[in-house]
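Chains, contacts and geometry: an overview
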Amino acid sequence: MNLILLGPPGAGKGTQAERIASLYGIPHISTGDIFRENLRKGTELGLEAKGYMDRGELVPDDLVIKIVKDRLEAPDCCEGFILDGFPRTVAQADALGAMLAKAGTPIDHVLNIQVPDEVVVARLTARRTCGACGSVCHLLYDPPQKDGVCDECGGELYCRDDDGEETVRARLEEYKEKTQPLIDYYRREGRLRDIDGGAEPDEVFEAVRSVVEAGT
Ligand code: AMP
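Below: a short report on this structure. (Residues numbered from 1 in each chain as written. Predicted model: local features only at pLDDT ≥ 70, side-chain atom pairs only at ≥ 80, totals over all residues. Heavy atoms only, no water.)

Quick word on the overall build of the protein chain
- Within the protein chain one finds nine helices and eight strands.
- In summary, the protein chain has a C-alpha radius of gyration of 17 Å against a globular reference of 17 Å for 216 residues, a match within 12%.
- Seen through its principal axes, the protein chain has C-alpha atoms that stretch 50 × 40 × 35 Å.
- The contacts in the protein chain between residues at least 6 apart in sequence include a share of 70% that link residues at least 24 apart.
- Here the protein chain carries 26 positive and 40 negative side-chain charges, and the mean point of each set is 2 Å from the other. (Helix = DSSP H or I, 4+ residues; strand = E, 2+ residues; numbered from the N terminus. Rg over C-alpha atoms; globule rule 2.2 N^0.38 Å. Contact = heavy atoms within 4.5 Å. Lys, Arg positive; Asp, Glu negative; His and termini not counted. Charge placed at Lys NZ, Arg CZ, Asp CG, Glu CD.)

Observations regarding the side chain of N38
- Mapped onto the fold, N38 is located in helix 2 (residues 31-41).
- A relative accessible area of 16% means that N38 is categorised as buried.
- Within the local environment of N38, its side chain forms a polar contact with the side chain of T43, the two groups lying 2.7 Å apart. (Buried < 20%, exposed > 50% of the residue type's maximum accessible area, 1.4 Å probe, protein only. Polar contact = N/O pair within 3.5 Å; in protein donor to acceptor, adjacent residues only side chain to side chain.)

Quick notes on the nonpolar core
- Counting residues in hydrophobic clusters, the biggest one holds 31 residues, and the most contacted among them are F35, L72, L83, L96 and Y186.
- Those elements giving two or more residues to this core turn out to be strand 1 (2-6), helix 3 (44-55), helix 4 (61-72), strand 3 (81-84), helix 5 (90-103) and helix 8 (181-188).
- At six residues, the largest contribution of residues to this core is made by helix 4.
- Counting residues in each nonpolar core, the second largest holds 22 residues, with L5, A17, I26 and V115 among its members. (Core = buried A, V, L, I, M, F, W, Y, C linked by side-chain atoms within 4.5 Å.)

Section: the environment of E177
- Checked against the element boundaries, E177 lands in helix 7 (residues 165-179).
- Of the residues examined, E177 reaches a relative accessible area of 57% and is grouped as exposed.
- Counting along the chain gives 88 residues from E177 to T89, while the straight-line C-alpha distance between them is 9.1 Å.

A closer look at the sheet that holds strand 5 (residues 127-130)
- Spatially, three strands are ordered 6-5-7 in an open sheet, and the strand pairing comes out antiparallel. Two strands lie at the open edges of the sheet, namely strand 6 (136-138) and strand 7 (157-158), each paired on one side alone.
- Relative to strand 7, strand 5 is paired through two bridges, and the arrangement is antiparallel. Looking at the pairing, T129 lines up with Y158 of strand 7. (Pairing = 2+ DSSP bridges.)

Describing the sheet that holds strand 3
- Spatially, five strands are ordered 2-3-1-4-8 in an open sheet, and the strand pairing comes out parallel. Edge positions in the sheet fall to strand 2 (28-30) and strand 8 (192-196), since each of these pairs with one other strand and no more. Mean inter-strand twist for the sheet, computed between neighbouring axes without regard to direction, equals 20°.
- The pairing of strand 1 with strand 4 (residues 109-114) spans four bridges and is classified as parallel. Residue pairing across strands places I4 opposite V110, the latter belonging to strand 4.
- With respect to the sheet, helix 1 (residues 13-24) is in contact with strand 1, strand 2, strand 3 and strand 4, its orientation differing from that of strand 3 by roughly 175°. (Axes fitted to C-alpha atoms, helices over the stretch in contact; angles between N-to-C directions.)

Here it is in C-alpha cells:
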C-alpha cells in the first residue's frame, strides 16, 4: 500500500502517519524527520538543510528527491510506505511518479488533511518535541506531566526552531504557493481523498482508515 499525506504544517500528518504505519506494517517516511535527524548528527545534509528549515522555506528539490529515492529503495518499502511531507512541489511529485512507474507500484491514495490557518498557528506554536526520542506533545491539548520533560522517556522538551509564529506563517505561505497545487495535481489523477483534520486525532484516524479501507 503506497500512501501520501498532504496538508499544511500542523495538520497532524506525523501523528496520523505513525498510526497508519503501525496499523498496516509499512514504514513512515517523513522527510522533515530525516532532515532533523541529520541536523542532530551534524551531517553535511543536515547543515545544508538547516538554513532553509530555519527560515520556513523548502529545501531544494534535487536534495529532497535524492533522499526519498534512496529511502524508497530500502527493503522495508517493498510492501508499501506512507510518505509524510513529500512531495511538496510539482517537481517532487513528478519525480516520485517516475520512480514509482519504474518500480511498477503506483500510489494508492493521497490523503489531503485540511486544517484552517489559525488552527495551524495555535497548534504549532504550542507544540513541544523531545530532543531525545522525538515524540511530540502539546502544551494545551496534551501537556507533559512535568514542565519541559518528555512523558515517554524523560528527555528534554524543546520548541522546534521552525515552530515560532513568524516561521510558522512563512511555512504556511510556502505551503500555499508550492504544495497546494498538488491538490489539483492528484485530484486530476483521481487519487485525492479529502479528510477534515480539525477533529480530535482519533476521529481523524477513523476517517483516514475508512478512506483507505474503502479503497475508493
Ligand atoms: P516538516 O517536519 O515536514 O514540517 O518539515 C520541516 C522542514 O523540512 C520544512 O519546513 C522544510 O524546510 C524541510 N522539508 C521537509 N520535507 C520537505 C520537502 N519534501 N521538500 C522541501 N523541504 C522539505
